[in-house]
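Breakdown of the fold
Chain by chain, the residues:
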Amino acid sequence: MSYRAPVSEIRFLFDHVVGFDQVSATERFSDATPETVNAVLSEAGKLCEEVLSPLQRAGDLHPARLENGIVRTSPGFADGFRAIAEGGWIAIAADPEHGGMGLPMAMATAVNDMMSAACLSIQLAPLMTQGQIEALEHHASDAIKELYLPKLISGEWMGTMNLTEPQAGSDVGALITKAEPKGDGTYAITGQKIYISWGDNDFTENVCHLVLARLPDAVPGTKGISLFLVPKRIPNEQGVPGVANGLKVVSLEHKMGLHGSPTAVMQYDGATGWLVGAEHDGMRAMFTMMNNARLGVGVQGIGVAEGAYQHALAYAEGRKQGRTENNSITDHADVRRMLATMKADTFAARAIALANAVAIDMETATGHADWAARAALLTPITKAFGTETGIDVAELGVQVHGGMGFVEETGAAQYSRDVRVTAIYEGTNGIQSMDLVGRKLMDGGEAAYRLLDEMEADAEAARADLPDLAEPVWQACETLRETTEWMVTKGAQDRFAGSVPYLRGFARVLGAHFHLKAARADRAGKHERLAAFYIHRLLPEHVGLLTHARQGADDLYALSMDDLAA
Ligand SMILES: Cc1cc2nc3c(=O)[nH]c(=O)nc-3n(C[C@H](O)[C@H](O)[C@H](O)COP(=O)(O)OP(=O)(O)OC[C@H]3O[C@@H](n4cnc5c(N)ncnc54)[C@H](O)[C@@H]3O)c2cc1C
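Sequence order as written defines the numbering, with residues in each chain counted from 1. Owing to the predicted nature of the model, reporting of local features is limited to residues with pLDDT of at least 70; listing and counting of side-chain atom pairs is limited to 80 or more, with chain, interface and lining totals taken over all residues. Side-chain numbers come from the whole structure's heavy atoms, not from hydrogens or water.

Put simply, the test is: UniProt positions are given in the numbering used here, feature names are shortened, and annotations may be inferred rather than shown by experiment.
As annotated in an unreviewed UniProt entry, the chain carries the name Acyl-CoA dehydrogenase and comes from Marivita lacus. Checking UniProt for the chain, the heading Sequence similarities (unreviewed entry) contains the comment "Belongs to the acyl-CoA dehydrogenase family." Under the UniProt heading Cofactor (unreviewed entry), the note attached to the chain is "FAD".

Next up, the structure:
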């Protein structure tokens, strides 16, 4: 079954649920008129349906491989990447000064959603490049911007991010890659990086690595980390790639899924690098890229959820089993439950991601601290809930297929295998949850309470016309508020012990808020019926989650490692 880009669903979310009108009303984004949004989403949708979607199986069946030190990519990927680049889709949100479209992040997010659904492996390439573009825009010198941004934006060059080392995964501060000043303004980078997505390819004329490393006088931990731009080929001043730099791909990982994306072990042997941002301030610059990528990875999950859902729905509509009115399994209550869960959760996760992107756009357009805090609060929720939704929906997709879900040729299993990594990379979902209850509640819960105030006011306003939906949403907001108050007053260990259920509980309630908005905009329509399903059947999960979140750490650590012995 081929993928159909959900353009009208995204338009509905923009117009009625996530407040995109606020973004297009700003001077900065006044170009994002309804006509432009329509044109961009339709064009991108066409690319995803016609060009990228056919690459999905090719990437799975013919993984990227390493031949004599050269990465050979999956069939059709070179043309797919070129089509993405030529359409301008790498740089929708990038600064027009260097060739970007300068459009809102919300539009880039919608396009990334569709590209992820069509072919996740290839979409990771522009995603990495987008993050690098944003990091360079904010932190690089003018000379680096002039030289690199036009090439990255046009897709002639590709960008990667290099944090992870064998001993430094979640604990980035443990990295040991060295950077030695060469006395000419450049640095010699030496060390090994592992799991580098799209560490190399055989179709862009250069690959630019953003590498975290330590200067000789660096203090231990994250405070001693600096960021360097290390190109595969060193460009001259005109941007023509010249001599090969001192780096190579040592091997590619054999993975559970995402086979079309080459995941590389990289060796840097005195490779020439250029500092991005100030010395020892690399994490600040890298965080620009990581925050971009965290939203982007959450959206990968949502895109895959959409793809898996469409796939399962088409199969279910054609599958006859048992006595049913429509002669298909869609008449069975449990199949209905699975399909409705998939659709309702995808809607909730997509609304959260788009609201996150709207907050980023409003921060960009107004510079207001409240929008910055809203974006920061929503980022770990988007990342973790978006990717969990991708995993859960893809898993349900396998189940809807019955035995054929376990057979590779239907493609249902591929969604499940491909999306699994999204909960792991770009900061595991456990780390996202700690970020939420740690850093993001460090303001005494102010940003969370401001959001809860809005959610409760909306539920209050909906009481008159939709009491059956408004009341449970309002109650759920109250429970989330109480749990947030609990979190804010507790020590780190107690908060961390409940962080994962807290994040999921938060997302559940936030999802209900967006479903309620959709129901109000589509009275007696499909969005009202989907909202009723979500609020009555999926929202109640928040009670268990938030109860779990408030248990503290004592009983967790009362279980000794001996108790846990196998
Ligand atoms: C396919 C793929 C692509 C990737 N692409 C890139 C890339 O392009 N660039 C890059 O730099 N990296 C990349 N990574 C690496 C990825 O970001 C790391 O795998 C991830 O950050 C987790 O690190 P780790 O594997 O060392 O796991 P660990 O850090 O060892 O974590 C193991 C488990 O312990 C938990 N844990 C660890 N520390 C804590 C803590 N303090 N508190 C609570 N729980 C904790 C984790 O949540 C996890 O469940 C990629 C990985 C994969 C598999």
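1. Focus: the side chain of K383
For clarity, the cut-off: The helix and strand labels rest on DSSP assignments: H or I over at least four residues marks a helix, E over at least two residues marks a strand, and numbering proceeds from the N terminus. For each residue, the accessible area found with a 1.4 Å probe, counting protein chains only, is set against the maximum for its type, and the residue is called buried under 20%, exposed over 50%, and partly exposed in between. By the counting scheme adopted, Arg and Lys are positive, Glu and Asp are negative, and His together with the chain ends is not counted. Throughout this description, the term salt bridge denotes a Lys or Arg side-chain nitrogen within 4 Å of a carboxyl oxygen of Asp or Glu. Note on contacts: a residue pair is in contact if any heavy atoms of the two residues lie within 4.5 Å.
Looking at where K383 falls in the secondary structure, it is placed in helix α11 (residues 369-400). Put simply, K383 is tucked away with no salt bridge, and the nearest opposite charge, on E426, sits 7.7 Å away. With residues near it in sequence (within four places) discarded, K383 still touches R294, V297, G298, T422, A423, I424, Y425, E426, G427, T428, N429 and Q432.

2. Topic: the site of the ligand
Applied cut-off: Whether a residue is near a molecule or strand depends on its heavy atoms: it is near if one of them lies within 4 Å of it. For this analysis, a polar contact is any N or O atom pair within 3.5 Å, provided that within protein one partner can donate a hydrogen and the other can accept it, and provided that sequence-adjacent residues contribute only side-chain to side-chain pairs. Working definition of accessibility: Shrake-Rupley area with a 1.4 Å probe, residue cover restricted to the visible protein chains.
Close to the ligand lie 18 residues; L163, T164, S170, Y195 and T428 are nearest. Note that an oxygen atom of the ligand is positioned 2.7 Å from one of the side-chain N or O atoms of T428. Coverage of the ligand by the protein chains reaches 62% of its 980 Å² of free accessible surface. Elements supplying a minimum of two residues to the shell around the ligand: β3 (157-162), β5 (187-197) and α13 (429-437). Residue contributions to the shell around the ligand peak at 3 residues, all from β5.

3. Concerning the packing of aromatic side chains
Note the threshold: Stacked, tilted and edge-to-face are the three classes applied to pairs of Phe, Tyr and Trp rings, where Trp contributes its six-membered ring and a pair requires centres within 6.5 Å; stacked means planes under 30 degrees apart, edge-to-face means over 60, and tilted covers the rest. For a lysine, the NZ atom is tested; for an arginine, the CZ atom; a charge sits over a ring if that atom is within 6 Å of the ring centre and within 35 degrees of the ring normal.
Applying the stated criterion across every chain, the model contains 7 aromatic pairs. Among the aromatic residues, those joined into a ring-pair cluster are F77, F81, W198 and F203. The aromatic ring of W474 is capped on one face by R463, whose charged end is 5.2 Å from the ring centroid.

4. Observations concerning the packing of helix α3 (residues 34-52) against helix α5 (residues 77-86)
Relative orientation and spacing of two packed helices are given, respectively, by the angle between their axes and the distance between those axes. The condition is simple: A fitted line through C-alpha atoms serves as each axis, taken over the contacting stretch for helices, and the angle formed by two N-to-C directions is quoted from 0 to 180°. An angle counts as roughly parallel when it lies under 35 degrees, as roughly antiparallel when it exceeds 145, as roughly perpendicular when it falls between 65 and 115, and as oblique in every other case. If you view the pair so one helix is near and one far, a crossing is left-handed when the near helix is turned anticlockwise from the far one by less than a right angle, and right-handed when it is turned clockwise. Any residue outside Ala, Val, Leu, Ile, Met, Phe, Trp, Tyr, Cys, Pro, Asp, Glu, Lys and Arg is labelled polar, Gly included; the first ten of those are nonpolar and the last four are charged.
For the pair α3 and α5, interaxial distance at closest approach is 11 Å and the crossing angle is 170°. Compared by their axis directions, α3 and α5 come out roughly antiparallel. Where α3 crosses over α5, the two elements pack in a sense that is right-handed. Between α3 and α5, the residues in contact are L47, V51 and L52 and G80, A83 and I84, respectively. Here the residues of the contact of α3 with α5 sort into 5 nonpolar, 1 polar and no charged.

5. What to know about helix α14 (residues 446-462)
Residues spaced three or four apart along an α-helix face the same direction, because each turn holds 3.6 residues. Keep this limit in mind: Expected span of a helix: the number of residues minus one, times 1.5 Å.
Helix length check: α14, at 17 residues, gives a terminal C-alpha distance of 24 Å against a target of 24 Å (1.5 Å per residue), a fit within 8%. Taken residue by residue, α14 has A447, A448, Y449, L451, L452, M455, E456, A459 and A462 as its buried positions. Turning to α14, the residues buried within the fold contact α11, α15 (467-489) and α17 (499-521).

6. What about the layout of surface pockets?
Heads up, the condition is: A cavity here means a set of 1 Å grid points, computed over protein atoms only, where a 1.4 Å probe fits but cannot escape. A pocket is an open set with protein on both sides within 12 Å along at least 5 of 7 lines, and lining residues have an atom within 4 Å of a point. Grid points are joined across faces, edges and corners, and a volume is the space filled by probe spheres set on the points.
Considering only enclosed or pocket space, the largest pocket measures out at about 1,200 Å³ in volume. When contributions to the lining of the largest pocket are tallied by element, the ones reaching two or more residues are α7 (120-139), β5, α9 (282-318), α12 (412-419) and α13. Residues of the lining of the largest pocket, tallied by class, amount to 20 nonpolar, 11 polar and 10 charged. Estimates place the volume of the second largest pocket at around 960 Å³. Surrounding the second largest pocket, 42 residues form its lining, M105, E134, H138, T288 and I360 being those nearest its centre. Mapped onto the lining of the second largest pocket, the elements with two or more residues apiece are α6 (105-118), α7, α9, α10 (333-366) and α11. Classifying every residue of the lining of the second largest pocket by side-chain character gives 21 nonpolar, 11 polar and 10 charged.

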